[in-house]
Every structure is written in C-alpha cells, then in structure tokens.
Amino acid sequence: MTSVLILNGPNLNLLGTRQPEIYGSQTLDQISASCRVWASDTGLEVEIRQSNSESELVEAIHRAMNCHDGIIINAAAYTHTSIALRDAVQGSGLPCIEVHLSNVYARESFRHTSFIAPVAVGVICGFGSIGYRLALLAMQSLLNSGESKPSAS
Ligand code: CA2
C-alpha cells in the first residue's frame, strides 16, 4: 500500500489552546484523527509525527526514505529558517508537499520565505486543517501518476 509520512513541526502540539483565529480551534490530535480517515478514504497508509526538535524532524525524513512513498510536512517556524530540513527533504528524493494552516502570505513578511518550498512539489496554505486533506489527495494523485519527482535540483 502507498504510504505517506505527515510531519508536523514546532509548537503545533499547542494547536487548539491559543490563537484559534489564526490556526482554528482543533487540536493536533483531532486533526491527526481526521488525517487518518482522509488517508484511508484516499487509499493511503499514513504515519503522523510531531516534534519540536529540528534534528528529530530531519531524522524522521531520513527514516521515511526506507518506509514511505511521500512526505507531507508542516514544518511550522522551521519552514522559514531551516536549511537542514530542506536538505533532508531534497536528499530523501521523496515527493514532498508543504502545508500550512494559515495563509502565511497574509502574515508577517518573515513567513513569506520558505526554505522547503523550492524542493517541494507544491505548497498548500490558508485552508486550515482541510489543507492536509488537499495534500493527501494531491499526493495520492502524484504517486498514482508517477509524476512524483521534486521540482528543484
Ligand atoms: O500556518 C501554519 O501552519 C504555520 O506553519 C504555523 C506555525 C508558523 O510559524 C508558520 O509560519 C505557519 C506556527 C505553529 C504554532 O502554532 C501554535 C498554535 C497555538 C499556540 C501557539 C502556537
């Protein structure tokens, strides 16, 4: 079965506790439960992880090379800072879709830069938790069509 890693970055474990006007009122556990249903509806196997540690996220991407066919990542603030995560995604050779709950382009300018987007197949932002559903659909379509190479070298 086609298998996808959903990786969530720092502070996303706090979802549902603060800033609902930006990130919605669902907890990460609730979003993850929805992702499991959406993945199963889409015919995908899914592993879902969250870490506040950049190195743990890098290691999860390394492990994904052996057991997953694609990566959906909300790297949270590391999106805007981490060359290490970008290198890990690029080095994995796995198709990657970047997701953000909020519309990062309608927010502070430092959120307009993503180190990951150039090595991702695409980016989905601003749709709240539904963004993960869109990413699962896009990943299923990509992996089925065979057009799954990352877009940048
Ligand atoms: O919109 C997104 O999904 C973000 O990845 C969320 C990150 C932010 O740094 C990115 O620019 C956009 C922040 C996640 C922190 O979430 C919290 C939720 C509740 C309370 C505190 C933090």
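Scroll up for the structure.
Residues numbered from 1 in each chain as written. Predicted model: local features only at pLDDT ≥ 70, side-chain atom pairs only at ≥ 80, totals over all residues. Heavy atoms only, no water.

1. Topic: the side chain of His100
Relative to the assigned elements, His100 resides in strand E4 (residues 96-100). Taking the relative accessible area as the measure of exposure, His100 reaches 5% and is therefore buried. In this structure the side chain of His100 is engaged in a polar contact, spanning 2.7 Å, whose partner is the side chain of Glu98. Apart from residues no more than four positions distant in its own chain, His100 is found in contact with Asn74, Ala76, Thr79, Val123, Ile124, Cys125, Gly126 and Phe127. (Helix = DSSP H or I, 4+ residues; strand = E, 2+ residues; numbered from the N terminus. Buried < 20%, exposed > 50% of the residue type's maximum accessible area, 1.4 Å probe, protein only. Polar contact = N/O pair within 3.5 Å; in protein donor to acceptor, adjacent residues only side chain to side chain. Contact = heavy atoms within 4.5 Å.)

2. Thoughts on the packing of helix H2 (residues 28-42) against helix H5 (residues 130-145)
Their axes nearest at 10 Å, the elements H2 and H5 cross at an angle of 25°. The angle between the axes of H2 and H5 places the two elements in the roughly parallel class. Crossing handedness for the pair H2 and H5: right-handed. Here H2 contributes Ile31, Cys35, Trp38, Ala39 and Thr42 to the contact with H5, which in turn contributes Ile130, Tyr132, Arg133, Leu136, Leu137 and Gln140. When its residues are assigned to classes, the contact of H2 with H5 shows eight nonpolar, two polar and one charged. (Axes fitted to C-alpha atoms, helices over the stretch in contact; angles between N-to-C directions. Parallel < 35°, antiparallel > 145°, perpendicular 65-115°, else oblique. Left-handed = near helix turned anticlockwise from the far one by under 90°. Nonpolar A, V, L, I, M, F, W, Y, C, P; charged D, E, K, R; others polar.)

3. As for the environment of Thr17
Here Thr17 shows up in the loop between strand E1 (3-8) and helix H1 (20-23). Judged by its relative accessible area of 54%, Thr17 is exposed. Thr17 sits 35 residues away from Asn52 along the chain, and the two C-alpha atoms are 16 Å apart. Polar side-chain contacts of Thr17 include one of 2.5 Å to the backbone oxygen of Leu14.

4. Re H2
With 15 residues, H2 ought to run about 21 Å at 1.5 Å a step, and its terminal C-alpha atoms sit 20 Å apart, in line with that. Turning to H2, its buried residues are Leu28, Ile31, Ser32, Cys35, Trp38, Ala39 and Thr42. Angular distribution of buried residues about the axis of H2 spans 120°; they occupy a single face of the element. Every exposed residue of H2 that faces more than 90 degrees away from the buried side is listed here: Asp29, Ser40 and Asp41. The inward-facing, buried residues of H2 abut E1, strand E2 (45-50) and H5. Following H2 by one or two positions, Gly43 adopts a phi angle in the positive range, close to 80°. (Expected span 1.5 Å × (residues − 1). Arc of directions from axis to C-beta.)

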